[in-house]
Amino acid sequence: MFHRFIKLIIAALMVAAGIWQFTEGNIGNGIFLILLTAIPIFLYYKNEFILLAFLKLRKQDFAGAKVWLDKIKNPETALVRKQQGYYNYLHGLMTSQTNLHQSEKFFKKAIELGLSMDMDLAVAKLNLAGIAMSRRRKMEATALLNEAKKLDKQNMLNDQIKMMKEQMKKI
């Protein structure tokens, strides 16, 4: 894993090589290099290891997702701010199965750094509400559930929210 700015340097070098190919008369090579520049720029904003971890999580392979996330040694230098949020979000999802205290830290940091999709933010707040409810913090859990309900525009989490509200009545 290397620093995120190296990807931009590679893109700049590819543009320079494309311009050099244009001046040499190799128009096709120049166009190809300019188009190929899109790959490192895309990978600057969408980290390849996080994309692979999302694919593993889609298949419910938590161990495989952890392997991909562990390849990111220093997320502060390797990832842009939104990707750091998703890095913490994925760690929170994986640790929520075993360690609630640690997953709460990951989810709070993910919300602080920002998640680009409302659905991901709603899932993070729903998980935080569940953690708060398990620790008998009813006011915080209620506030987080209401925020998650506002963020859930497709009503995909409607059943989970209703179930958690029913459980909160027992507290």
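Quick caveat, the model's predicted, so the values are computed rather than measured.

### Regarding the overall build of the chain
So, point 1. Looking only at helices and strands, the chain has 11 helices and 0 strands in total.
So, point 2. Taken over C-alpha atoms, the radius of gyration comes to 21 Å for the chain, far larger than the 16 Å a tight globule of 171 residues would show.
So, point 3. In terms of principal-axis extent, the alpha carbons of the chain reach across some 75 × 30 × 25 Å.
So, point 4. Classification of the 171 residues of the chain by burial places 39% in the buried group.
So, point 5. Accessible area for the chain stands at about 10200 Å²; split by element, carbon and sulfur atoms hold 62% of it.
So, point 6. Averaging the positions of the 26 positive and the 14 negative side-chain charges in the chain gives two centres separated by 5 Å.

### With respect to the nonpolar core
So, point 1. Membership of the largest hydrophobic core comes to 38 residues, with the highest contact counts inside it found for Ile50, Leu69, Ile72 and Tyr89.
So, point 2. Where this core is concerned, the elements lending two or more residues are helix H4 (48-58), helix H5 (62-70), helix H7 (81-95), helix H8 (100-113), helix H9 (118-134), helix H10 (138-151) and helix H11 (158-169).

### What to know about a nonpolar patch on the surface
So, point 1. Judged by side-chain polarity, Ile19, Phe22, Ile27, Ile31, Ile34 and Leu35 come together as a nonpolar surface patch covering roughly 530 Å² of accessible area.
So, point 2. Elements with a contribution of two residues or more to the nonpolar patch: helix H1 (4-24) and helix H2 (27-36).
So, point 3. Examining the composition of the nonpolar patch, we find that 4 residues originate from one element, H2, more than from any other.
So, point 4. Along the polypeptide, isoleucine 31 turns up in helix H2.

### As for the packing of aromatic side chains
So, point 1. Considering all chains together, one arrives at 5 aromatic pairs under this definition.
So, point 2. Ring centres of phenylalanine 54 and tyrosine 86 lie 5.8 Å apart, and the angle between their planes is 65°; this geometry places the pair in the edge-to-face category. Of this pair, phenylalanine 54 sits in helix H4 while tyrosine 86 sits in helix H7, and the two are 32 residues apart along the sequence.
So, point 3. Measuring from centroid to centroid gives 6.0 Å for tyrosine 86 and tyrosine 89, while their planes differ by 85°, and the two rings are edge-to-face. A residue pair is termed a helical-turn pair when its members lie 3 or 4 positions apart in one helix, as tyrosine 86 and tyrosine 89 do in helix H7 at 3 residues.
So, point 4. Of the aromatic side chains, those joined through ring pairs into one cluster are Phe54, Tyr86, Tyr89 and Phe107.

### Notes on the packing of H4 against H7
So, point 1. Axis separation between H4 and H7 bottoms out at 11 Å; the angle between their running directions is 30°. The orientation of H4 relative to H7 falls into the category roughly parallel. Crossing handedness for the pair H4 and H7: left-handed. On H7, the residues that touch Ile50, Ala53, Phe54 and Leu57 of H4 are Gln83, Tyr86, Tyr87, Tyr89, Leu90, Leu93 and Met94.
So, point 2. When grouped by side-chain class, the residues that make up the contact of H4 with H7 number 10 nonpolar, 1 polar and no charged.

### Brief notes about the side chain of aspartate 120
So, point 1. Within the secondary structure, aspartate 120 sits in helix H9.
So, point 2. Within the structure, aspartate 120 has its side chain in polar contact with the side chain of tyrosine 86 (distance 2.7 Å).
So, point 3. Ignoring anything within four residues of it in the chain, the contact list for aspartate 120 reads Tyr86, Tyr89 and Leu115.

Rules behind the numbers
- Residues numbered from 1 in each chain as written.
- Predicted model: local features only at pLDDT ≥ 70, side-chain atom pairs only at ≥ 80, totals over all residues.
- Heavy atoms only, no water.
- Helix = DSSP H or I, 4+ residues; strand = E, 2+ residues; numbered from the N terminus.
- Rg over C-alpha atoms; globule rule 2.2 N^0.38 Å.
- Buried < 20%, exposed > 50% of the residue type's maximum accessible area, 1.4 Å probe, protein only.
- Areas by Shrake-Rupley, 256 points an atom, 1.4 Å probe, with all protein chains shown as cover.
- Lys, Arg positive; Asp, Glu negative; His and termini not counted.
- Charge placed at Lys NZ, Arg CZ, Asp CG, Glu CD.
- Core = buried A, V, L, I, M, F, W, Y, C linked by side-chain atoms within 4.5 Å.
- Patch = residues over 30% accessible without salt bridge, like charges linked within 9 Å, V, L, I, M, F, W, Y side chains within 5 Å.
- Salt bridge = Lys/Arg side-chain N within 4 Å of Asp/Glu carboxyl O.
- Phe/Tyr/Trp six-rings, centres within 6.5 Å; stacked < 30°, edge-to-face > 60°.
- Axes fitted to C-alpha atoms, helices over the stretch in contact; angles between N-to-C directions.
- Parallel < 35°, antiparallel > 145°, perpendicular 65-115°, else oblique.
- Left-handed = near helix turned anticlockwise from the far one by under 90°.
- Contact = heavy atoms within 4.5 Å.
- Nonpolar A, V, L, I, M, F, W, Y, C, P; charged D, E, K, R; others polar.
- Polar contact = N/O pair within 3.5 Å; in protein donor to acceptor, adjacent residues only side chain to side chain.

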